[in-house]
Amino acid sequence: MEFHVYESARAACEAAGVLIAAQVTRKGDSVLGLATGSTPIPAYEMLVQWYERGVIDFDRVRTFNLDEYVGIDHKNPLSYHAFMQEHLFSKVNLRPENTHLPSGHSAEAGLRYDRAIHEAGGIDIQLLGIGRNGHIGFNEPAKDFTFGTHVVTLTQDTIEANARFFKSPDDVPRQAISMGIGNIMAAKCVVLVATGADKADAVYKTLCGPITPQVPASILQLHPCCVILADHEAGALVERESR
């Protein structure tokens, strides 16, 4: 596991963009695992800029997103479908048929998504954020790690964290469909970006704590190619431990 600390949140996010761009440059038909939320936006902005300059080409790239809310229309501006259209899909030459987000609220929907990832050859590089409680995707703290794409009931902590995007906490969906821990661990490379002081404890437990489903991201200690990019605030406890 590699751990890198940057002077600013934007620099950490842009470093993730560099790694994704390098992957696409090496392999034109790369399969990208993508994330939503405020954290990856600078990475997507960088990828768009490089596409506009002719540096990278997405024509043969395929994408699979981590998750989506259950019970929210894809055209709703607060859906992750809409987020990806706004920040990446509509701004580069990704083919619509090559972009995928999980959808539905059944076990069958999860199995279909897992099958599509497998048929694409697996994910080459998976971008992740991390929740305050250590969740990755919408894999919340639990008794066991979940392998495949599945429907999740969101914890109160996650609902509160996501409430900033909605008019009120009552409007935040209570369920999501998410890639499982097994999907994430099957990616050839994982890049996790963490920014802000409120992520410091989760980052510390991910890198330095025991591997436990109570801190879902801690499983990344076992991944053969995992890169964690943090700003000083998010990496503060790990930096203090290493002194």
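Structure first, text after, so check above.
In this text the structure is predicted, and so the values were computed from the model without any measurement. (Residues numbered from 1 in each chain as written. Predicted model: local features only at pLDDT ≥ 70, side-chain atom pairs only at ≥ 80, totals over all residues. Heavy atoms only, no water.)

Draft legend 1. Spotlight on the overall build of the chain. Within the chain, the secondary structure is distributed over 8 helices and 10 strands. A globule of 243 residues ought to have a C-alpha radius of gyration of about 18 Å, and the chain, at 17 Å, matches this closely. Over its C-alpha atoms, taken along the principal directions, the chain stretches across nearly 45 × 40 × 35 Å. Once the 21 positive and 29 negative side-chain charges of the chain are each reduced to a mean point, those two points are 2 Å apart. (Helix = DSSP H or I, 4+ residues; strand = E, 2+ residues; numbered from the N terminus. Rg over C-alpha atoms; globule rule 2.2 N^0.38 Å. Lys, Arg positive; Asp, Glu negative; His and termini not counted. Charge placed at Lys NZ, Arg CZ, Asp CG, Glu CD.)

Draft legend 2. Structural detail: the packing of aromatic side chains. Within the structure shown, the criterion is met by 6 aromatic pairs. Geometrically, the ring pair formed by Tyr69 and Tyr80 is tilted, given 4.9 Å between the ring centres and 35 degrees between the ring planes. Residue Tyr69 is located in strand β4 (residues 67-69), and its partner Tyr80 is located in helix α3 (residues 80-87); the two are separated by 11 residues in the primary sequence. For the pair formed by Tyr69 and Tyr80, the shared burial category is buried. One aromatic cluster in this structure is built from Tyr69, Tyr80, Phe138 and Phe166. (Phe/Tyr/Trp six-rings, centres within 6.5 Å; stacked < 30°, edge-to-face > 60°. Buried < 20%, exposed > 50% of the residue type's maximum accessible area, 1.4 Å probe, protein only.)

Draft legend 3. The arrangement of the sheet that holds strand β7 (residues 150-153) in detail. Pairing is antiparallel in the open sheet, where 3 strands are placed in the order β4-β8-β7. The sheet terminates laterally at β4 and β7, the two strands that pair on one side only. For this sheet the average axis-to-axis angle between neighbouring strands, irrespective of direction, equals 25 degrees. Here 3 bridges tie β4 to strand β8 (residues 175-178), and the two strands are oriented antiparallel to one another. Looking at the pairing, Glu68 lines up with Ile177 of β8. (Pairing = 2+ DSSP bridges. Axes fitted to C-alpha atoms, helices over the stretch in contact; angles between N-to-C directions.)

Draft legend 4. Summary view of the sheet that holds strand β10 (residues 226-231). Taken in spatial order, the 7 strands make up an open sheet running β1-β10-β9-β6-β2-β3-β5, and their pairing is parallel. The sheet is open, and its two borders are formed by β1 (2-6) and β5 (99-100), each paired with just one other strand. Relative to the sheet, helix α1 (residues 9-26) contacts β1, β2 (31-34), β6 (125-128), β9 (189-194) and β10, its axis offset from that of β10 by approximately 150 degrees. (Contact = heavy atoms within 4.5 Å.)

Draft legend 5. Region of interest: the layout of surface pockets. Estimated volume of the largest pocket: approximately 680 Å³. Forming the boundary of the largest pocket are 35 residues, of which Thr36, Gly37, Ser38, Asn162 and Arg164 lie nearest the centre. Taken together, the residues of the lining of the largest pocket sort by class into 15 nonpolar, 13 polar and 7 charged. Roughly 180 Å³ of internal volume is contained in the second largest pocket. Around the second largest pocket, the lining comprises 14 residues; the ones closest to its centre are Glu2, Leu19, Cys189, Cys225 and Val227. If you list the elements that add at least two residues to the lining of the second largest pocket, you get α1, β9 and β10. (1 Å grid on protein atoms, 1.4 Å probe; cavity = no way out; pocket = protein on both sides within 12 Å on 5 of 7 lines; lining within 4 Å. Points joined across faces, edges and corners; volume = space filled by probe spheres on them. Nonpolar A, V, L, I, M, F, W, Y, C, P; charged D, E, K, R; others polar.)

Draft legend 6. Geometry of the environment of Lys143. Here Lys143 is to be found in the loop between β6 and β7. On a C-alpha basis, the gap between Lys143 and Gly33 in space is 25 Å, while along the polypeptide they are 110 residues apart. Residues in contact with Lys143, not counting those within four places in the same chain, are Pro213 and Gln214.

Draft legend 7. Representation of the pairing of strand β3 (residues 62-65) in the model. Bridge analysis of β2 against β3 gives 4 bridges, and the strand direction is parallel. Counterpart to Gly33 in the pairing with β3 is Phe64. Chirality of the crossover, the property in question, places the unit of β2, helix α2 (residues 41-52) and β3 among those that are right-handed. For β3 and β5, the ladder comprises 2 bridges, and the chain directions are parallel. Of the residues in β5, the one forming a bridge with Thr63 is Thr99. (Right-handed = clockwise from strand over helix to strand, strands pointing away.)

Draft legend 8. Representation of helix α4 (residues 107-119) within the structure. Its 13 residues give α4 an end-to-end C-alpha distance of 18 Å, which sits within 8% of 18 Å, the value for a rise of 1.5 Å per residue. When we look at burial in α4, the residues that qualify are Ala109, Gly110, Tyr113, Asp114 and Ile117. Down the axis of α4, the buried side of the element spans an arc of 135 degrees, and every buried residue falls inside it. Seen from the buried face of α4, the exposed residues on the opposite side, beyond 90 degrees, are Leu111, His118 and Glu119. Buried residues in α4 make contact with β3, β5, β8 and α6 (181-186). Looking one or two residues beyond α4, the residue adopting positive phi is Gly121, at roughly 95 degrees. (Expected span 1.5 Å × (residues − 1). Arc of directions from axis to C-beta.)

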